[in-house]
Amino acid sequence: IRYHPSQRLQKSAPAFEPNLIRLESDLFLDHLRGQNLMKFYQQTGEWDDLPFIDVDRLIRVRPDEDVVRELVQALKGKQVLRICYQSKHDEETRDISPHHLVFADHRYHVRAFCHVRQKYRDFVLTRILDVQQNSKLEWISAEQDEDWNQKVVLCFRPNPELPLSAQQAMTDDFRLKADGILKVETNAALAYYVRRELQKQDSEYNISRWMEVK
C-alpha cells in the first residue's frame, strides 16, 4: 500500500494482494449490510453455530471491484464521481455526488445527486461501467434530497381476489393484527422498492399478492 499525502489516506498499489480477506465486491457490500443488520441483535449472544444457507447469494449480481472501491472512497471523502452508466436506453456519462448505499430489489444501488440531470437519483452498481474522481465539482449532500428526507408510511392488505387461505397465510407471515393491514415506514425515495416487492404477482394465481391502502 502507498500513502497519498494529498488525500491523506493509504491506497493499494497495483500489485496488492490481500492475505486475510478476498477482494470480491459483493462480499464487502454484504459485510456492510450484515453490520447494519447486527445493530438489531447486539444483545442476543452468539448464533454462529446454527446451520444457515443464503440462497439469494447464489444468484446475486456482483458489482465491479474497482467501482465499489472508488464509490466507498467517495462516500467517505464526500467526493464527486464521474461514472459511465449503462441505462435501459443508452450508455451515459454522469457526474454524481453519492450519499448512501442502498440494498433493494436484491441488488445494490447508490443514492446520489446527478449533476447532469440536476436531481437525486438511484444508480444500480452493476450498471456502472467505469468510475473516476472529479474534483472540479463540489460534492452535494443529502440535505436537499427531499424524497430521502421525507418519511412515509405505506399500508397494504392482502389482495381480496386471492383465496381466503392464501390471504390468511400472508397475514400470518407478517403476524398482522385483526385489521390485516401491513404498515411499512420508510422514506419517499425507497417507497418504490417497497411497492415493487410487495405487489409482485403471485406465481400460482397470477395477480398481485398485496394491494396498497390509501
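For the structure, check the block above.
Let us look at the structure shown here. If you're wondering where the values come from, they're calculated on a predicted model, not measured in any experiment.

1. A short note on the pattern of salt bridges
Item 1. Applying the stated rule across the entire model yields 12 salt bridges.
Item 2. For glutamate 92, the salt bridge is made with arginine 117, and the minimal N-O distance between the two is 3.7 Å. Residue glutamate 92 is found in strand E4 (residues 91-104), and its partner arginine 117 is found in the loop between strand E5 (107-114) and strand E6 (119-124); the two are separated by 25 residues along the sequence.
Item 3. A residue is classified by how much of its surface remains accessible, and arginine 117, at 41% relative accessible area, is partly exposed.
Item 4. Close ionic contact of glutamate 212 with arginine 195 constitutes a salt bridge, the shortest N to O distance being 2.8 Å. In this pair, glutamate 212 sits in strand E10 (residues 210-212) while arginine 195 sits in helix H5 (residues 191-198), placing the two residues 17 residues apart along the sequence.
Item 5. Arginine 195 sits in the partly exposed class, given a relative accessible area of 28%.
Item 6. Through salt bridges with shared partners, a single ionic network connects Glu92, Arg94 and Arg117.

2. Section: unusual backbone geometry
Item 1. One non-glycine residue, lysine 78, lies in the positive phi region at around 55 degrees.
Item 2. With respect to the element layout, lysine 78 can be found in the loop between helix H2 (65-77) and strand E3 (81-86).
Item 3. Judged by its relative accessible area of 53%, lysine 78 falls in the exposed class.
Item 4. One non-glycine residue, glutamine 118, lies in positive phi territory at about 60 degrees.
Item 5. Given a relative accessible area of 54%, glutamine 118 falls into the exposed group.

Cut-offs used in this document
- Residues numbered from 1 in each chain as written.
- Predicted model: local features only at pLDDT ≥ 70, side-chain atom pairs only at ≥ 80, totals over all residues.
- Heavy atoms only, no water.
- Salt bridge = Lys/Arg side-chain N within 4 Å of Asp/Glu carboxyl O.
- Helix = DSSP H or I, 4+ residues; strand = E, 2+ residues; numbered from the N terminus.
- Buried < 20%, exposed > 50% of the residue type's maximum accessible area, 1.4 Å probe, protein only.

So far we have only geometry, and geometry alone does not tell us how the molecule works.
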